[in-house]
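Breakdown of the fold
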Amino acid sequence: MHVTALSGGVGGARFLRGLLAHIDRTPELHGSTVTVIGNTGDDITLFGLRVCPDLDTVLYTLGGGANEQQGWGRADDTYAVHGELTALGVPPAWFGLGDKDFGTHVARSLWLGQGFTLSEVTARLAARWGLPERGVTLLPMTDTPVETHVVLDEGEGPHAVHFQEWWVRLRATVPAERFVVVGMDRAAPAPGVLDAIRQADLVLLPPSNPVVSIGIVLGVPGIRDALRGTRAPVVGVSPLVSGRPVRGHADACLAAIGVESTAAAVAALYADFLDGWLVDDADAGSVDLPGVRVSARPLLMTDVEAAADIAGAALDLGRTAAVR
Ligand code: GDP
Ligand code: CA
């Protein structure tokens, strides 16, 4: 089975780790491939280095090297470089990168500087984390540098900050007026992205942020059309439970685009291509969209086993959505 998934950071990565565990424990799924199309709108240049937070979270989580408490960054990391940069007064102090994590960003920046594309760089990093051996290909949504910026209207009047500054430094407490994806008008899907959607047996939308993760991937010219046109069923998992994000500030992001924070309203954002939608038991019966088969079950990814069960339910929903 060829599965293609769009992904943000922590929500996507934990779901994908569950998917791989489900494939491992299911003999008839052995030999399956998983192609991940990762959000690069969160990317930022810090200290002269190119940082791709969502791609790295997928790499570290699937490779067994993620900091489980934070969800992002490396396990057992130290902060010597960060401490030295702070002592030198080199901003920003609000973005904490560990020493091992710095290694990734140094290597990525070096390779990009040598002329390799982000796809090529990501493939090298994926090899270090053993993804190919597990049947996983991680593709950035685009090789064109894009950055999500957030328009705020406070203090000195309307102005835009990088998404990371709004999310990490301001903790999304200042209301976003809107999101602007700088560079998206020039962006093309990375090599293999559209084919991975068109030739998949199943396309999955993990419970990633619908606005600043999945929503950004969907904005890459051609990706949404490929999802509408693919013969594969498209199945999504709700990131909201009882109207609240399980973690992070997806509600603040939805408010900025004028969408209610409910599992039903998130599904409606995908209505033009969605075939199946998995909601939490708490939201059972709340979603009624033409052409979308809905199923309810517990959706908290409390451990790998729980995430594997959710991924298994998404595959089941894909099978039933395909035969109707
Ligand atoms: P980020 O880029 O690190 O913010 O991660 P993603 O965009 O991939 O995922 C963030 C979303 O994951 C948030 O909106 C959360 O509500 C959702 N999420 C996190 N943990 C869980 C979980 O255990 N279950 C569900 N259903 N959603 C989750
Ligand atoms: Ca992210």
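Report on the accompanying structure. (Residues numbered from 1 in each chain as written. Chains lettered and ligands numbered in written order. Predicted model: local features only at pLDDT ≥ 70, side-chain atom pairs only at ≥ 80, totals over all residues. Heavy atoms only, no water.)

1. Quick notes on the packing of aromatic side chains
A full pass over the atoms with the stated rule returns nine aromatic pairs. Taking the centre distance of 5.9 Å and the plane angle of 70° together, the rings of Tyr 270 and Trp 277 count as edge-to-face. Each member of the pair Tyr 270 and Trp 277 is classed as buried. It is Arg 124 that lies over the ring of Phe 116; its NZ or CZ is 4.3 Å from the centre. One residue, Arg 128, lies across the ring of Trp 129, its end atom 3.8 Å from the ring centre. (Phe/Tyr/Trp six-rings, centres within 6.5 Å; stacked < 30°, edge-to-face > 60°. Buried < 20%, exposed > 50% of the residue type's maximum accessible area, 1.4 Å probe, protein only. Lys NZ or Arg CZ within 6 Å of the ring centre and 35° of its normal.)

2. Brief notes about the pattern of salt bridges
One pass over the full model with this rule turns up twelve salt bridges. Between Asp 24 and Arg 134 there is a salt bridge, and its shortest N-O distance comes to 3.6 Å. Within this pair, whereas Asp 24 is found in helix α1 (residues 10–25), its partner Arg 134 is found in the loop between α5 (118–128) and β5 (136–140), the two being separated by 110 residues in sequence. On the basis of relative accessible area, Arg 134 is assigned to the partly exposed category, the value being 38%. As a salt-bridge pair, Arg 228 and Asp 225 come within 2.9 Å of each other at their nearest N and O atoms. With Arg 228 and Asp 225 both in helix α9 (residues 223–229), this residue pair falls three residues apart, about one helical turn. (Salt bridge = Lys/Arg side-chain N within 4 Å of Asp/Glu carboxyl O. Helix = DSSP H or I, 4+ residues; strand = E, 2+ residues; numbered from the N terminus.)

3. Things to note about the coordination of the calcium ion (ligand 2)
When a metal carries six donors in an octahedron, the ideal angles between them are 90 or 180 degrees, while four donors in a tetrahedron ideally lie at 109.5 degrees. The coordination sphere of the calcium ion (ligand 2), as far as protein atoms go, consists of Asp 42 (OD), Asp 54 (OD) and Asp 54 (OD), spread over 2.0 to 2.6 Å. Here Asp 42 is found in the loop between β2 (33–38) and β3 (44–46), whereas its partner Asp 54 is found in helix α2 (residues 53–62), with twelve residues between them in sequence. Across this residue pair, the class does not change: Asp 42 and Asp 54 are buried. (Donors = N, O, S within 2.8 Å, 3.2 Å for Na, K, Ca; no water.)

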